[in-house]
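# Examination of the molecular architecture
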Amino acid sequence: MGVVRFELSLSRWGVARCPSALGSSSSLARGRLLAAPAGWRAHREASSSSPEAGEGQIHLTDSCVQRLLEITQGSEFLRLEVEGGGCSGFQYKFSLDTIINPDDRVFEQGGARVVVDSDSLAFVKGAQVDFSQELIRSSFQVLNNPQAQTGCSCGSSFSVKL
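Attention here is on the structure that accompanies the text. Given the structure is predicted, the values throughout are model-derived calculations rather than measurements.

The topology assignment puts R113 in strand β10 (residues 112-117). Side-chain polar atoms of R113 contact the backbone oxygen of S75, separated by 2.7 Å.

Structural data, given as structure tokens:
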């Protein structure tokens, strides 16, 4: 299995900003530039079901937990979504969010939370979310995704196993 990366640059506040996902639908919240979800839908606060054991979970690395604890405030969490697009058919999208929808699954480790909607979970169940810091970029990324067949050389898209 290959590593699929999703680049996420950091603003001067140390908060994630995704250039490819921003487009024209970005929002500036509390001085943070965040990617807006594609196709705004009605959001409601709701508690999610607890994750089931095994491969239906998303695993967080220690570096992911540490970085999320540094950049999130209050009820913020990292939202992981899978959208159609990219070179290989699907791409990962990361954003900070505060709204938990009825179809969301919450994965918590060490006080850090990653939330995935049920549609996206089908494409990332069993994967690992990591935070990588390199000289030229810092990014959240999905590693070891058992649902991905191949990744694109651009590093942000993948094709699904059939």
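Having seen it, we continue.
Tallied over the entire structure, the rule returns 6 salt bridges. Residues E70 and R67 are paired through a salt bridge, measuring 2.8 Å at the closest nitrogen-oxygen approach. Pair noted here: E70 and R67 are both in helix α2 (residues 62-71), with a separation of 3 residues, about one helical turn. We note a salt bridge from R79 to D97, for which the minimum N-O separation is 2.8 Å. Taken together, the residues span a long stretch of sequence, with R79 in strand β7 (residues 77-84) and D97 in strand β8 (residues 90-97) at a distance of 18 residues. Neither R79 nor D97 differs from the other in exposure class; each is buried. Look at the salt bridges and you will find they share partners, linking R79, D97 and D104 into a network.

What counts, and at which threshold
Residues numbered from 1 in each chain as written. Predicted model: local features only at pLDDT ≥ 70, side-chain atom pairs only at ≥ 80, totals over all residues. Heavy atoms only, no water. Helix = DSSP H or I, 4+ residues; strand = E, 2+ residues; numbered from the N terminus. Polar contact = N/O pair within 3.5 Å; in protein donor to acceptor, adjacent residues only side chain to side chain. Salt bridge = Lys/Arg side-chain N within 4 Å of Asp/Glu carboxyl O. Buried < 20%, exposed > 50% of the residue type's maximum accessible area, 1.4 Å probe, protein only.

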